[in-house]
Amino acid sequence: MTMPPPPHQPPPTPYGGPVPNQPPNPYGGPVPPQQPGPYGPPQGFPPPGRPPQAYPGHGVPPQYPAGPGPGGWGQPPMGPPPKKKLSAGAIVAIVVGSLVLVGGIGYGVKAGLDSATGPFPAATHKLVVPQTLLGGEFTLVSDLSDTQGKEIEDTPDFTVKDATAAVGQYSGANGSDGSVLVLSGLYGQIKSPGSTRSSILRGAATDKGSKLVVKPRDFTPAGYGVTVSCQVTTSRDGLSTTTLPMCAWGDENTAAAVALVGAGEATADPQDIDLADLAEKTAKIRAEIRKPIGGAGT
């Protein structure tokens, strides 16, 4: 005897729970539990017995814990320290310190003893700190000859007699580009001008936090009759670094360092600094501030 086919069963619900209004099992006994749908419970709805807050809402991407490193996975790695311009005061300290160290890094005493028997040259020229430099391109902010300059005058150097400081801080005439020019010099009677010029730059390179990245090069700008040496250092200030180009000259009566730092120079690659241009500007500055004593010729 053939059994009649079972009555049609509705498909299981997608949540796996009992089908609403399902007729009782015609063969007796409990209705068998329904199985989950082929794709499981839909996103955003918990299965029976689970609290809703245990699952993210529909369409919300899952959150993953941060991985190792300062910013977690997917964050860009930290790059090198940023470059920015040092404060004017920090630049002044480095440039003034370069002359203070002329006698303090070992050269002054040795050179003085080696040349103690030679005469000092006559005093014919001095340095002044004018209100403007480079034809009015830079304006004096502060004459520091009697303050920071005292450190230069008080530093023993047997190759310099009757040293007097000339120190000035200048800013760009329009004040909008943040350019800083620092002049730090001395005048008197100098036995070994070439060695003094080299020692000034060496003093700047040995300043705390400074690193010599472009070695000194000698230039002879046309029409000025003087040798100018220039170099580039970088200086750290916290997490930032500044590119600091500097030039120096030395003759029998005057010696000075000039640092000119604008926004472009401060953040430039040290190898890209135009030292020949800076050397010519330094020679122009020398011509502007080097004056005869008692009517002596230039």
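Data block above holds the structure.
A. Fine view of the pattern of salt bridges. A full pass over the atoms with the stated rule returns four salt bridges. A salt bridge links E153 to K150, with the nearest nitrogen and oxygen atoms 3.6 Å apart. With E153 and K150 both in helix α3 (residues 149-154), this residue pair falls three residues apart, about one helical turn. Relative accessible area serves as the criterion here: at 38%, K150 is assigned to the partly exposed category.

B. Expanded view of helix α4 (residues 193-205). The first and last C-alpha atoms of α4 sit 19 Å apart over 13 residues, in line with the 18 Å expected at 1.5 Å per residue. Those residues of α4 that sit buried are P193, T196, R197, S199, I200, L201, G203, A204 and A205.

C. View of the packing of aromatic side chains. Considering all chains together, one arrives at zero aromatic pairs under this definition. Just above the ring of F120 sits the side chain of K191; from NZ or CZ to the centre is 4.4 Å.

D. Here's a closer look at the packing of helix α1 (residues 88-100) against α4. Between α1 and α4, whose axes approach to 7 Å, the crossing angle comes to 130°. Classified by the interaxial angle, the pair formed by α1 and α4 is oblique. The hand of the α1/α4 crossing is right-handed. Within the contact between the two elements, α1 uses I94, S98 and L99 and α4 uses S199, I200, G203 and A204. Residues belonging to the contact of α1 with α4 are distributed by class as follows: four nonpolar, three polar and no charged.

E. Region of interest: the sheet that holds strand β5 (residues 180-190). Spatial ordering of the open sheet is given by β2-β3-β4-β5-β9-β8-β7-β6, a layout of eight strands whose pairing is antiparallel. Both edges of this open sheet fall to β2 (132-133) and β6 (210-219), since each of them pairs with a single strand only. Sheet topology places strand β4 (residues 160-172) next to β5; 10 bridges connect them, and they run antiparallel. Residue pairing for β5: K161 is matched across the bridge by Q189. Along the sheet, α1 makes contact with β4, β5, β6, β7 (228-237), β8 (240-250) and β9 (254-261), crossing β5 at roughly 20°. Most of the contacts of helix α6 (residues 275-289) go to β8, to which it runs at about 50°, and overall it touches β2, β5, β6, β7, β8 and β9.

Thresholds, definitions, all that
Per-chain numbering applies: the sequence of each chain, read as written, is numbered from 1 onward. In keeping with the model being predicted, local features are shown solely for residues with a pLDDT of at least 70 and side-chain atom pairs are shown and tallied solely at 80 or more, while totals for entire chains, interfaces and linings include all residues. As a convention, hydrogens and water are excluded, and side-chain values are obtained from all of the structure's heavy atoms. For this document, the term salt bridge refers to a Lys or Arg side-chain nitrogen within 4 Å of an Asp or Glu carboxyl oxygen. In this description a helix means any DSSP run of H or I spanning at least four residues, a strand means any run of E spanning at least two, and both kinds are numbered starting from the N terminus. Relative accessible area decides the class of each residue, using a 1.4 Å probe on protein chains only: under 20% of the type maximum gives buried, over 50% gives exposed, and in between gives partly exposed. By this rule, a helix spans an expected 1.5 Å times one less than how many residues it contains. Here the aromatic set is Phe, Tyr and Trp, taking the six-membered ring for Trp, and pairing holds for ring centres within 6.5 Å; pairs whose planes are under 30 degrees apart are stacked, those over 60 apart are edge-to-face, and all others are tilted. A ring is considered to have a charge above it if a Lys NZ or an Arg CZ atom is located within 6 Å of its centre and within 35 degrees of its normal. Orientation is described by lines fitted to C-alpha atoms, with helices fitted over the stretch in contact, and by angles between N-to-C directions that extend from 0 to 180 degrees. Should an angle fall under 35 degrees it is called roughly parallel, over 145 degrees roughly antiparallel, and 65 to 115 degrees roughly perpendicular, with every other angle called oblique. By convention, the crossing between two helices is left-handed when the near helix turns anticlockwise from the far helix through less than a right angle, and right-handed when the turn is clockwise. The contact criterion used is simple: two residues touch if any of their non-hydrogen atoms lie within 4.5 Å. By the convention adopted, Pro, Cys, Tyr, Trp, Phe, Met, Ile, Leu, Val and Ala count as nonpolar, Lys, Arg, Asp and Glu as charged, and the other residues, Gly among them, as polar. Here, a strand pair is defined by DSSP locating no fewer than two bridges between the strands.

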